[in-house]
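Summary of the model geometry
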Amino acid sequence: MSKNGIGSWGGVLLSEACAQTNLERLDLSLNYLSDQGIRDFARYLDSKTKAPTLLSLDLGSNAFGGIGFGNLADKLSRNFTLQQLILDGNALGGKRLITLKNFLPCSAIQKLSLRNCELDDESIEMIKHVIKKNQSLRSLDLSKNFIYAKGVRVLIDGLFGHPNLNSLNLGS
């Protein structure tokens with residue numbers, strides 16, 4: 001369902017439609033859901049619906065930030081089947097990423113992509129926490145962000161002793 005211009009109003013409709021399915025993979029990238037649409041769609045991810053069958057979710061480039069991500073993270077904290085989460089191209093840098101640290105440690109996420117999310121050295125503190133706590137994480141994409149020497153040092157500290165992470169992308 002990528003690039004369909006669903007918009008913020010489509011979040012409710014998506015939530016209702018997806019709840020009637022047993023989807024394993026869902027690509028909603030490039031639909032401009034915004035904070036409101038993500039909030040409405042996040043209802044689908046609640047464990048009381050059929051979302052526990054969802055293994056992969058792509059919400060890249062949907063123009064949401066901290067508010068939408070907060071709603072999404074709240075629902076994801078109760079979803080233990082999602083293995084791949086792609087949030088590329090959303091404004092999640094700085095303190096907007098703080099909710100990540102609350103849900104990912106208890107999740108089954110194996111692949112997390114935060115490419116081009118306006119992440120900075122401050123954001124890496126939260127990423128470090130996630131890396132240390134989430135032992136299922138295998139792949140992390142932090143490319144095309146604003147991570148400098150300080151952030152890399154913090155990231156290395158988080159990577160030390162992680163048993164499963166085998167892919168890290170910091171490319172520009």
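Residues numbered from 1 in each chain as written. Predicted model: local features only at pLDDT ≥ 70, side-chain atom pairs only at ≥ 80, totals over all residues. Heavy atoms only, no water.

A word on the side chain of Asp121
To keep things clear, this is the line we draw: Numbering of helices and strands runs from the N terminus, with a helix taken as a DSSP run of H or I at least four residues long and a strand as a DSSP run of E at least two residues long. Exposure is judged per residue with a 1.4 Å probe applied to protein chains only, and the accessible area is read against the type maximum: over 50% gives exposed, under 20% gives buried, and values in between give partly exposed. Neither His nor the chain ends contribute to the count of charged residues, in which Lys and Arg are positive and Asp and Glu negative. The term salt bridge refers to a side-chain nitrogen of Lys or Arg lying within 4 Å of a carboxyl oxygen of Asp or Glu. Two residues qualify as a contact provided that any one of their heavy atoms is within 4.5 Å of a heavy atom in the partner residue.
Relative to the helices and strands, Asp121 resides in helix 5 (residues 121–133). Despite its burial, Asp121 pairs with no opposite charge, the nearest such side chain being Lys150 at 6.1 Å. Contact partners of Asp121, with chain neighbours within four places excluded, come to Phe146, Ile147, Tyr148, Lys150 and Gly151.

Describing the confidence of the model for the protein chain
Put simply, the rule reads: Note on scores: pLDDT gives the predictor's confidence for each residue, bounded by 0 and 100.
For the protein chain, per-residue confidence averages 84 on the pLDDT scale, and 91% of positions sit at 70 or higher. Confidence scores differ between elements of the protein chain, with helix 4 (residues 100–103) showing the lowest mean pLDDT of 70 and strand 5 (residues 139–141) the highest of 96.

Regarding a nonpolar patch on the surface
We apply this condition: A patch is a set of surface residues, each over 30% in relative accessible area and not in a salt bridge, joined within 9 Å for like charges and within 5 Å for the nonpolar side chains Val, Leu, Ile, Met, Phe, Trp and Tyr. Surface accessibility in these figures is a Shrake-Rupley result with a 1.4 Å probe; residues are shielded only by whichever protein chains are displayed.
Taken together, the side chains of Val152, Ile156, Leu168 and Leu170 define a hydrophobic patch exposed on the protein surface, amounting to about 310 Å² of accessible area. Topologically, Ile156 is positioned in helix 6 (residues 149–159). Judged by its relative accessible area of 53%, Ile156 falls in the exposed class.

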